[in-house]
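Chain by chain, the residues run as shown.
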Amino acid sequence: MGTGRLYAAVAAGGFRRYATYRMATAAGVFTNTVFGLILAYTYLALWDQRPHLGGYDQAQAVTFVWVSQGLLMTVAVLGGGFEDELIERIRTGDIAVDLYRPADLQLWWLASDLGRALFHLLGRGLLPLVFGALLFPLALPVSPLTWVAFLIAVLLGTLVSFAIRFVVALCAFWLLDGAGVSQLAVLTAIFCSGMLLPLNVFPGALGEVVRLLPWSALLQAPVDILLGTADPLPTYAFQALWAVLLLALGRLVQSAATRRVVVQGG
Amino acid sequence: MAETFRAGAGEGDRGWAREGEGGRVREGLRAYRLITAMWIRSTMAYRASFVMNTLGNFAGTALDFVAIMLMFSQVDALGGYRLPEVAFLYGLSATAFGIADLALGSMDRLGRRVRDGTLDTLLVRPAPVLAQVAADRFGLRRLGRILQGLLILGYAVAALDLSWTPLKVLMVPMALLSGAAIFCAVFVAGAAFQFVALDASEVQNSFTYGGQTLLQYPPTVFARELVRGVTFVLPLAFVNWLPALYVLGRPYPLDLPLWVAFAPPLVGAGCCALAGLAWRAGLRSYRSTGS
């Protein structure tokens, strides 16, 4: 019971921490809106040439743009969440102090990242979507149940995203400088999450492969549930499978990494 | 700040004061050159890391073009433009933006400097603040973006079936330099805005990175109002659309007259002048946090 309260407090801390930067949040909403606008027009041009490309109609394609712009920060496609801080703590050796705390390393950062995700969902998710809905005809569901189903997929997507970034951050135990591997991870996430283009538009075998990779759980899966182009249960199963696998991998790496820690005195 | 400069400059100061604006610019360029040289030396201390960062920068910006190629794997034309034509637009804007990003890409850190008070250190140094902020953490790895833009431009020029006239050939370097000047103005104006907004570097990003993303696609893709906005309000259309459409022999958006294709140098100079004024106003309004 006590530990549950601890992680809830850590999550609340993660939320409050990002809520402090109001101007940055407003600026971020502006950025997501500008990019949403540009992408929406290019998608319209694309779907104008190929109606029903990837099984979407024009309204669904534009909805994909605005919902994914709203989710980018929540599922941290571009990184920039806890992992920078964790890498820095590993590099400086502060991680040794964390390991002596009576809290689990992975759960601690997960709680703080979920708090961050919730803030970004509210702070940077809603406004771009509202703006998009004012300017373009969107294919948003009316049933509240679909929205609930969507939010569950967002939560699962956030878990997968966290699990990937945790493993990436722990690589710093071996590499010392985590910059290279972080950069690689972000590029992969941009390409494979659907941020570049909906994954069902990717041609042929490439499309098949990227849809099976864990990154498709980040954006493509939640948006498809909202658009009604994917069934919730199989989608959840897919996301949960990747979340469990990757969180378990994170555990393994964590225990291997902590054995490497040599605490220096002084 | 100017006072500090005069006091610090001592004897040489009189000559500098007589030279006026021109001397100031020369002084700024000298400071910029010295600071960037320092950052390049420090980058080169870790060569492997530099190569990796440059490749990462290259790959990161190449993703934009990968998106375009994925689109063209499904269609033959976008907004009525074929792949080589879009690649020409992309190559021009990516290279122009890359040059501006290499020169001034660190300017979005200004808000952070104002917040944490490190801008004060720059104010007391005997060199123009703009040059110091611009050269701060100069990232040679940003060559990756220019390289990527030039490669796509090269592909476009090879794949386009055009009858090149001398004027059309000259249009390419003219567009690259003027486009870089326009983007530089956006960087400086964005930094000036951060004196007021402190925490809003993302607003700057939406005009720099967002502007570049917009220009990758033909103007026929966008709504007329948006095209009008980036022609007359924030004149990004002069970076590549108008000169490129002349080269490609395509009709201009908004029924603009033919000569606008030759206006980018003027527009670039005008933008830089306005951005300089905005920067001065921003710097004058600066109040240190005192921390």
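Residues numbered from 1 in each chain as written. Chains lettered and ligands numbered in written order. Predicted model: local features only at pLDDT ≥ 70, side-chain atom pairs only at ≥ 80, totals over all residues. Heavy atoms only, no water.

Per an unreviewed UniProt entry, chain B carries the name Transporter and comes from Streptomyces nodosus.

As recorded in an unreviewed UniProt entry, chain A goes by the name ABC transporter permease, listed as coming from Streptomyces nodosus.

Section: the nonpolar core
Formed by 165 residues in total, the largest nonpolar core has its most connected members in Trp66 and Leu86 of chain A together with Phe88, Leu119, Phe222, Trp241 and Trp279 of chain B. If you tally residues by element for this core, the top one is helix H7 (residues 144-170) of chain A, at 15 residues. Residues contacting Phe222 of chain B, with those up to four places away along its chain left out, are Ile38, Tyr41 and Thr42 of chain A together with Leu214, Tyr217, Val227 and Trp241 of chain B. Formed by five residues, the second largest nonpolar core is a distinct cluster that contains Tyr7, Val10, Ala11 and Ala103 of chain A. (Core = buried A, V, L, I, M, F, W, Y, C linked by side-chain atoms within 4.5 Å. Buried < 20%, exposed > 50% of the residue type's maximum accessible area, 1.4 Å probe, protein only. Helix = DSSP H or I, 4+ residues; strand = E, 2+ residues; numbered from the N terminus. Contact = heavy atoms within 4.5 Å.)

Some remarks on the UniProt feature "transmembrane region" (unreviewed entry) in chain B
Residue and element names in this part refer to chain B. Mapped onto the present numbering, the UniProt feature "transmembrane region" (unreviewed entry) falls at residues 50-75, 87-105, 146-164, 170-198, 226-246 and 258-279. Taken end to end, residues 146-164 is 74% helix and 0% strand, and its two terminal C-alpha atoms sit 24 Å from one another. In residues 170-198, the share of helix is 97% and the share of strand is 0%. The end C-alpha atoms are 41 Å apart. (UniProt positions renumbered as here; feature names shortened; annotations may be inferred.)

Brief notes about the packing of helix H2 (residues 22-49) of chain A against helix H3 (residues 58-71) of chain A
All names here are of chain A. For the pair H2 and H3, interaxial distance at closest approach is 9 Å and the crossing angle is 155°. The angle between the axes of H2 and H3 places the two elements in the roughly antiparallel class. Crossing angle aside, the handedness with which H2 passes H3 is right-handed. Judged by residue contacts, Asn32, Thr33, Phe35, Gly36, Leu37, Leu39, Ala40, Tyr43, Leu44, Trp47 and Asp48 of H2 engage Gln58, Ala61, Val62, Phe64, Val65, Trp66 and Gln69 from H3. (Axes fitted to C-alpha atoms, helices over the stretch in contact; angles between N-to-C directions. Parallel < 35°, antiparallel > 145°, perpendicular 65-115°, else oblique. Left-handed = near helix turned anticlockwise from the far one by under 90°.)

Here we look at helix H3 (residues 21-44) of chain B
Compared with the 34 Å implied by 1.5 Å per residue over 24 residues, the 34 Å span of H3 of chain B between its first and last C-alpha is a close match. Within H3 of chain B the residues assigned to the buried category are Gly23, Gly28, Ala31, Tyr32 and Thr36 of chain B. (Expected span 1.5 Å × (residues − 1).)

Description of the packing of aromatic side chains
Residue and element names in this part refer to chain A. The final tally for this structure, using the stated rule, is 25 aromatic pairs over all chains. Seen in terms of ring centroids, Phe15 and Phe119 are 5.5 Å apart; in terms of plane orientation they differ by 85°. Their pairing is edge-to-face. Of the two residues, Phe15 is situated in helix H1 (residues 2-19) and Phe119 in helix H6 (residues 105-135); the sequence distance between them amounts to 104 residues. On the basis of relative accessibility, which here comes to 26%, the residue Phe15 falls in the partly exposed class. (Phe/Tyr/Trp six-rings, centres within 6.5 Å; stacked < 30°, edge-to-face > 60°.)

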